[in-house]
Amino acid sequence: MIARRILAVATAFALGASAAAADPKFCNSEWPNTEFAQTSVPWIEIMSGGPPKDGIPALNDPGFINALDETRLGDREPVVTVEIEGQKPRAYPIRYLTWHEIVNDQIGPVPVAVTFCPLCNSALTFDRRVGGRVLTLGVSGKLRNSDMVMYDRETESWWQQAIGEGIVGEMTGETLTPLPSWLESWAEFTTRNPDGLVMDEPDWPRAYGRNPYVGYDSSKRPFLYSGEEPPHGIPALSRVIRVGERAWPMERLRQSDEISEAGVTISWTAGQASALDAARIDEGKDVGTIRVRDAAGKDVPHDVMFAFAFHAFWPDGTWMLN
């Protein structure tokens, strides 16, 4: 499905149909319960990503196995790690999130959504509780600034994944609370958490472990993005570490391994494969693992995203350069 997305989106874009597909008058049959009168963004910015609503199937209540019983993951494969106090650490392999993009889970008392947008390299975890409701998130099939537009099944409002904000419908202007999580290699997770849990392989016919976006993070231009290039000569598809409205270029971390600025300490260690490079995820180039902690040593919500996406969603954000 994701491999077909590239062809479908390229074709739609060439025909000038992508922007039109998001106009409310084209969405009534697919989204009969969405309150289109409420929106915080221009419709022209929302494009069809190719697959329809739920064409990329989000996962609900996934199964887990003990980390030491997992034999399918390569040591360098990236996983999203979520550690909630009083609960066993959980790893969500990118090999599954690449094909599903959202996992709705419950960790102890906390309902979470683990999300990954391959086109922005954005991996974020949210608390699914908003205004007294527990939301269940799905993939709308829409993109904005090349970033996944999610939706909730309770109100069918649309949410921007990169910023965790409602942009269309009843939930417009509401925000999802980000939770500390990070991308790391499978070997790093198991070394630190031999008694941890890992999401089991979903029961879907997908080529798990394969990368349908071969070479994407070496591209010159992002997919379905017509916005400005990042400033300061930073390549559009280079990785940056976003904390709030600040972004640190990954190359700074490669050079010094650790930076303490603006109230946080950011560390980098080698050993994690890119999910958007080689045909097999575990053979991807080494992009390393980022951890962000505050002055007390606690993990801080952050994102390792492409530079163009940071500039698109935080045009007045601060670039933490040399």
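**So, the sheet that holds strand E21 (residues 264-269)**
Read from one edge of the open sheet, 3 strands run E20-E21-E22, paired in antiparallel fashion. The open sheet has two edge strands with one neighbour each: strand E20 (258-261) and strand E22 (289-294). For this sheet, the mean inter-axis angle between neighbouring strands, taken without regard to orientation, is 15°. Bridge count between E20 and E21: 4 bridges; the pairing is antiparallel. Of the residues in E21, the one forming a bridge with isoleucine 259 is isoleucine 266.

**Section: the confidence of the model for the chain**
On average, residues of the chain carry a pLDDT of 92, and 92% of them reach 70 or more. In the model, residues 1-21 has pLDDT below 50 throughout and makes 48 contacts with residues more than four positions away in sequence or in other chains.

**Section: unusual backbone geometry**
One non-glycine residue, asparagine 145, lies in positive phi territory at about 55°. Relative to the helices and strands, asparagine 145 resides in the loop between strand E11 (137-144) and strand E12 (147-152). Of note, the phi angle at glutamate 156 is positive, near 60°, even though the residue is not glycine. Among the secondary structure elements, glutamate 156 is positioned in the loop between E12 and strand E13 (158-160). Under the relative-accessibility criterion, glutamate 156 is labelled buried at 10%.

**Brief notes about the packing of aromatic side chains**
In the structure shown here, the tally under the stated rule is 15 aromatic pairs. When the ring of phenylalanine 36 is compared with that of tryptophan 158, the centres are 5.6 Å apart and the planes differ by 85°; the resulting orientation is edge-to-face. Of this pair, phenylalanine 36 sits in the loop between helix H1 (2-15) and strand E1 (46-48) while tryptophan 158 sits in strand E13, and the two are 122 residues apart along the sequence. Relative accessible area serves as the criterion here: at 12%, phenylalanine 36 is assigned to the buried category. On the accessibility criterion, tryptophan 158 (0% relative accessible area) is buried. With centroids separated by 6.4 Å and ring planes inclined at 70°, the aromatic side chains of phenylalanine 313 and tryptophan 314 adopt a geometry described as edge-to-face. Like tryptophan 314, phenylalanine 313 is buried. Among the aromatic residues, those joined into a ring-pair cluster are Trp31, Phe36, Trp43, Tyr151 and Trp158. Looking at lysine 53, its charged tip hangs above the ring of tryptophan 31, at a distance of 4.5 Å from the centre. Lying across the ring of phenylalanine 64, arginine 90 places its NZ or CZ 4.6 Å from the centre.

**Examining the nonpolar core**
Counting residues in hydrophobic clusters, the biggest one holds 63 residues, and the most contacted among them are Val80 and Tyr92. The greatest single-element share of this core, amounting to 6 residues, is contributed by strand E7 (residues 110-117). If sequence neighbours within four positions are ignored, valine 80 has contacts with Arg90, Ala91, Tyr92, Ile94, Leu97, Val114, Ala123, Thr125, Ser181, Trp182 and Leu183. Ranked by size, the runner-up nonpolar core spans 14 residues in total, among them Ile241, Met250, Ile259 and Ile266.

**A closer look at the environment of arginine 221**
Among the secondary structure elements, arginine 221 is positioned in the loop between strand E17 (197-199) and strand E18 (239-243). By relative accessible area, arginine 221 is classed as partly exposed at 36%. Residues arginine 221 and aspartate 294 lie 73 residues apart in sequence; the distance between their C-alpha atoms is 34 Å. Discounting chain neighbours no more than four positions away, the residues touching arginine 221 are Ser226, Gly227, Glu229 and Leu237.

**Concerning the pattern of salt bridges**
Tallying each qualifying case throughout the model produces 18 salt bridges. Across the salt bridge formed by glutamate 229 and arginine 221, the nearest N and O atoms sit 2.1 Å from each other. Since its relative accessible area comes to 39%, glutamate 229 is described here as partly exposed. Taken together, the salt bridges that share partners define one network made up of Glu70, Arg72 and Asp200.

**Looking at the side chain of aspartate 303**
Structurally, aspartate 303 can be placed in strand E23 (residues 303-306). Although buried, aspartate 303 forms no salt bridge, and the nearest oppositely charged side chain, arginine 242, lies 4.7 Å from it. Only 3.2 Å separates the side chain of aspartate 303 from the backbone nitrogen of alanine 123, close enough to count as a polar contact. Setting aside residues no more than four positions away along its own chain, aspartate 303 makes contact with Asn121, Ser122, Ala123, Leu124, Val240, Ile241 and Arg242.

**Some words on the sheet that holds E17**
Taken in spatial order, the 5 strands line up as E3-E17-E5-E4-E16 in an open sheet, and their pairing is mixed. Looking along the sheet, the strands with just one partner apiece sit at the ends: strand E3 (64-66) and strand E16 (181-185). Averaged over all pairs of adjacent strands, the angle between strand axes in this sheet comes to 35°, irrespective of strand direction. As defined by bridge partners, strand E5 (residues 90-93) adjoins E17 across 2 bridges and the pair is classed as parallel. Looking at E17, one finds that alanine 91 is bridged to valine 198.

What counts, and at which threshold
Residues numbered from 1 in each chain as written. Predicted model: local features only at pLDDT ≥ 70, side-chain atom pairs only at ≥ 80, totals over all residues. Heavy atoms only, no water. Pairing = 2+ DSSP bridges. Helix = DSSP H or I, 4+ residues; strand = E, 2+ residues; numbered from the N terminus. Axes fitted to C-alpha atoms, helices over the stretch in contact; angles between N-to-C directions. pLDDT = per-residue confidence, 0-100. Contact = heavy atoms within 4.5 Å. Buried < 20%, exposed > 50% of the residue type's maximum accessible area, 1.4 Å probe, protein only. Phe/Tyr/Trp six-rings, centres within 6.5 Å; stacked < 30°, edge-to-face > 60°. Lys NZ or Arg CZ within 6 Å of the ring centre and 35° of its normal. Core = buried A, V, L, I, M, F, W, Y, C linked by side-chain atoms within 4.5 Å. Salt bridge = Lys/Arg side-chain N within 4 Å of Asp/Glu carboxyl O. Lys, Arg positive; Asp, Glu negative; His and termini not counted. Polar contact = N/O pair within 3.5 Å; in protein donor to acceptor, adjacent residues only side chain to side chain.

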